[in-house]
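# Reading the structure
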Amino acid sequence: MKELVNKLKGDRVIWSFVALLALFSFMPVFSASSNLAYIGHGTGNTLGYLVKHLAHICIGFMIIYWVHKVPYHYFRAISKIALPVVWILLLYTLLKGTVIAGANASRWIQVPFIGITFQTSTLASIVLFIYVARYLSKTKEENEPFQTSFVQLWIPVFITLVLILPANFSTTALIFSMVMMLTFIGKYPLKYIGFIIGSGIAMLAFFLLVAKAFPESRFFSRVATWESRITNFTTDKPDEDDYQIEKAKIAIASGRLGGLGPGKSVQKNFLPQSSSDFIYAIVVEEYGLVGGVSILLLYLLLLFRFVIASHKANTLFGKLVVVGLGFPMIFQAMINMAVAVELLPVTGQTLPLISSGGSSIWMTCFALGIIISVTKKDEEIVEEQQEKERRKEALQRLIDKELAEEDLPVDEREEIYEGEPMYSIEDNSRNPMNAVLNK
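Residues numbered from 1 in each chain as written. Predicted model: local features only at pLDDT ≥ 70, side-chain atom pairs only at ≥ 80, totals over all residues. Heavy atoms only, no water.

## What about the overall build of the protein chain?
Condition: Note on conventions: DSSP H or I runs of at least 4 residues are helices, E runs of at least 2 residues are strands, and numbering of each starts at the N terminus. Two residues form a contact once any of their heavy atoms are found within 4.5 Å. Calculation of accessible area relied on Shrake-Rupley with a 1.4 Å probe; when residues are assessed, cover is drawn exclusively from the protein chains displayed.
Across its full length, the protein chain carries 16 helices and two strands. Here the contacts in the protein chain between residues at least 6 apart in sequence split such that 70% fall between residues at least 24 apart. Looking at the protein chain as shown, the accessible area adds up to about 23800 Å², and 65% of this sits on carbon and sulfur atoms.

What follows is the structure, encoded as structure tokens:
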């Protein structure tokens, strides 16, 4: 175990926080899966869901380990190649995607021969953030005109968002917000950022108008759901989402300060998506305000560590990659918690590393692996500098010793070398090998 830990490079604090979140997730997932177990096979046995979650977490940590071994600057070139591939996957998902749990949104694709589903928008967000970081770091010293940046930066961004929007508005809004934050940190001109925000709002309004004109089209089937969620959030009109929120608030209120205890949640039997979208409510019900605040603080500490890692990165690309991949995880967690306490409408965003799920955990771990790779590179640079300093000091000691011996009288120098064989390459004989043969 000690050897395995020693092989882990990069920021050990980030490793620790991720491990804590993953370890904590087992109890809530094991408890909250009882509803799925009753619906699935009527026995209420959640052991299978626990084993499945364990497999997802183990695969996720293997992904972190493999990815953090890859130098992060490799992803700079990969993002440009991977973006068109992501567009093809998003388009296929939009046209032929799989529907899970009765949702009227095609967000998943079935992986051939394996039988698992994969949410392509999670991969698309990672590739897009790296692509944006690559462009901003490349044009740092160049004053490119807006027309050039619009073609090279914003058209790829809008293509990606347009392919995600029909099936997942909340993810689209989150990605767009994070891209805006990334360009602001990357010192993209503010007047252009304002223009892009206005253009994004105009495109969304146009999308809604088209959806109103063609309400029967499958591409606009989610628009009615968005409208109802926003309407129900601002009013007291009861519906399915309101039922979820009410059960979540009952679970949170029941938890009080210390909680009902692990596995003793009551609302997990009534709350839909209790192991994924609303798992934070189950956490508070079972572990109380102490458990809920502890999870919140752990995410905030992870955010603080991302800020430190970004500050320490020795390249602008590394800084932007940490911000672009790390901050969305924390904001997604905050959105999930805010939905549970009815600060935001129902969005369907999971709690990173705690909610059950396959592709969401794996993509989170993939992003974490890249972040740790950035911190690993910084550590390697520090180690190289320390090694250079040690070699410089050793060489200086040898030089000082030689200089000190040259300043000594001849007899003292002979005492130092007394007992040591004296060799000379000087030879006055005819045979040039005699100097060696005589020795």
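## Regarding the side chain of glutamine 119
Inclusion rule: Residue burial is assigned from relative accessible area. The probe radius is 1.4 Å, only protein chains are included, and a residue is buried under 20% of its type maximum, exposed over 50%, and partly exposed in between.
Mapped onto the fold, glutamine 119 is located in strand S2 (residues 117-119). With relative accessibility at 14%, the residue glutamine 119 sits in the buried group.

## Observations regarding helix H13 (residues 316-340)
Here is the rule: For a helix, the expected span equals 1.5 Å multiplied by the residue count minus one.
For H13, built from 25 residues, the straight-helix expectation of 36 Å at 1.5 Å per residue is met to within 8% by its first-to-last C-alpha distance of 36 Å. Most of H13 sits out of view: 21 of its 25 residues are buried. With its phi angle positive at about 65°, glutamate 342 sits one or two positions after the end of H13.

## Some details on the environment of isoleucine 335
Assignment of secondary structure puts isoleucine 335 in helix H13. In contact with isoleucine 335, not counting residues within four places along its chain, are Leu174, Leu344, Thr347 and Gln349.

## Describing helix H4 (residues 47-68)
Residues separated by three or four positions in an α-helix point in the same direction, a consequence of the helix having 3.6 residues per turn. Note the cut-off: Of all possible arcs, the one meant is that of the directions from the helix axis to the C-beta atoms.
The end-to-end C-alpha distance of H4 is 31 Å, a good match for the 32 Å that 22 residues give at a rise of 1.5 Å each. Inspection of H4 places His53, His56, Ile57, Gly60, Ile63, Ile64, Val67 and His68 among the buried residues, and these make up the whole buried set. Along the axis of H4, the buried residues cluster in a sector spanning 115°; they form a single face.

## Here we look at the packing of aromatic side chains
Where we set the bar: Under the pairing criterion, centres of Phe, Tyr and Trp rings, with the six-membered ring standing for Trp, must be within 6.5 Å; the plane angle then separates stacked pairs below 30 degrees from edge-to-face pairs above 60, leaving the rest tilted. Here, a charge over a ring is recorded when the distance from Lys NZ or Arg CZ to the ring centre is within 6 Å and its angle to the ring normal is within 35 degrees.
Enumeration over the complete set of coordinates arrives at eight aromatic pairs. Ring geometry for phenylalanine 24 and tyrosine 287: centres 5.3 Å apart, planes at 55°, overall tilted. Residue phenylalanine 24 is located in helix H2 (residues 12-32), and its partner tyrosine 287 is located in helix H12 (residues 279-312); the two are separated by 263 residues in the primary sequence. According to the relative accessible area criterion, phenylalanine 24 is partly exposed, its value standing at 23%. According to the relative accessible area criterion, tyrosine 287 is buried, its value standing at 18%. Ring centres of phenylalanine 75 and phenylalanine 366 lie 6.1 Å apart, and the angle between their planes is 85°; on these two criteria the pair is classed as edge-to-face. One end of the pair, phenylalanine 75, is in helix H5 (residues 74-96); the other, phenylalanine 366, is in helix H14 (residues 359-406), and 291 residues separate them in sequence. What links up through ring pairs into an aromatic cluster is the set Phe146, Phe150, Trp154, Tyr188, Tyr192 and Phe195. In this structure, arginine 76 is placed above the aromatic ring of phenylalanine 317, and the distance from its NZ or CZ to the ring centre is 5.2 Å.

## Thoughts on the environment of leucine 161
Examined against the element boundaries, leucine 161 turns out to sit in helix H7 (residues 146-164). Linking leucine 161 and alanine 173, residues twelve residues apart in sequence, is a C-alpha distance of 8.6 Å. Residues within four places of leucine 161 in sequence aside, it is in contact with Thr172, Ile175 and Phe176.

## So, unusual backbone geometry
Its identity as a non-glycine residue notwithstanding, glutamate 342 has a phi of 65°, on the positive side. Checked against the element boundaries, glutamate 342 lands in the loop between H13 and H14. Its identity is not glycine, yet leucine 353 carries a phi of approximately 70°, on the positive side. Among the structural elements, leucine 353 can be located in the loop between H13 and H14.

## Digging into a nonpolar patch on the surface
Under the convention used in this document: Patch membership requires more than 30% relative accessible area and the absence of a salt bridge. Residues of like charge join within 9 Å; the nonpolar side chains Val, Leu, Ile, Met, Phe, Trp and Tyr join within 5 Å. Salt-bridge detection follows one rule: a side-chain nitrogen of Lys or Arg within 4 Å of a carboxyl oxygen of Asp or Glu.
Together, Leu257, Leu289, Val290, Val293, Leu297 and Leu300 make up an exposed nonpolar region whose accessible area comes to about 520 Å². Relative to the assigned elements, leucine 289 resides in helix H12.

## Quick look at the nonpolar core
Heads up, the condition is: Here the nonpolar core consists of buried residues drawn from Ala, Val, Leu, Ile, Met, Phe, Trp, Tyr and Cys, with membership extended through side-chain atoms lying within 4.5 Å.
With 99 residues, the main nonpolar core has Trp154, Val179, Tyr299, Phe306 and Leu325 as its most contacted residues. Looking at which element gives the most residues to this core, the answer is H13, with 14 residues. Leave out the neighbours within four places in its chain, and tyrosine 299 touches Leu21, Ile330, Ala333, Met334, Met337, Leu351, Pro352 and Ile354. Counting residues in each nonpolar core, the second largest holds six residues, with Leu165, Phe207, Phe220 and Val223 among its members.

## Examining the environment of serine 31
Mapped onto the elements of the fold, serine 31 is located in helix H2. Distance from serine 31 to lysine 264, taken between C-alpha atoms, is 7.9 Å for residues 233 residues apart in sequence.

## A word on the packing of helix H8 (residues 169-185) against helix H9 (residues 190-213)
Here is the rule: Between N-to-C directions, angles span 0 to 180 degrees; the directions come from axes that are lines fitted to C-alpha atoms, helices contributing only their stretch in contact. Should an angle fall under 35 degrees it is taken as roughly parallel, and over 145 as roughly antiparallel, whereas 65 to 115 is taken as roughly perpendicular and any remaining angle as oblique. All amino acids are sorted into three groups, where Ala, Val, Leu, Ile, Met, Phe, Trp, Tyr, Cys and Pro are nonpolar, Asp, Glu, Lys and Arg are charged, and the leftover types, Gly among them, are polar.
For the pair H8 and H9, the least separation of the axes is 10 Å and the interaxial angle reads 170°. The angle between the axes of H8 and H9 places the two elements in the roughly antiparallel class. Here Phe169, Phe176, Met180, Thr183 and Phe184 of H8 lie close against H9, whose contacting residues are Leu190, Ile193, Ile196, Ile197, Gly200 and Leu204. Across the contact of H8 with H9, the residue classes break down as nine nonpolar, two polar and no charged.

## Some remarks on the side chain of lysine 268
Formally: The convention is simple: Lys and Arg are positive, Asp and Glu are negative, and His and the chain ends are not counted. Side-chain atoms alone can form a polar contact between residues adjacent in sequence; in general such a contact is a pair of N or O atoms within 3.5 Å, and within protein one must be able to donate a hydrogen while the other accepts it.
Following the sequence through the fold, lysine 268 ends up in the loop between helix H11 (240-255) and H12. In this structure lysine 268 is buried but unpaired, with glutamate 286 as the nearest side chain of opposite charge at 4.4 Å. At 3.0 Å, the side chain of lysine 268 forms a polar contact with the side chain of serine 31. With residues up to four places along the chain from it excluded, the contact list for lysine 268 reads Ser31, Ala32, Ser34, Asn35, Gly263, Ser274, Ile282, Glu285 and Glu286.

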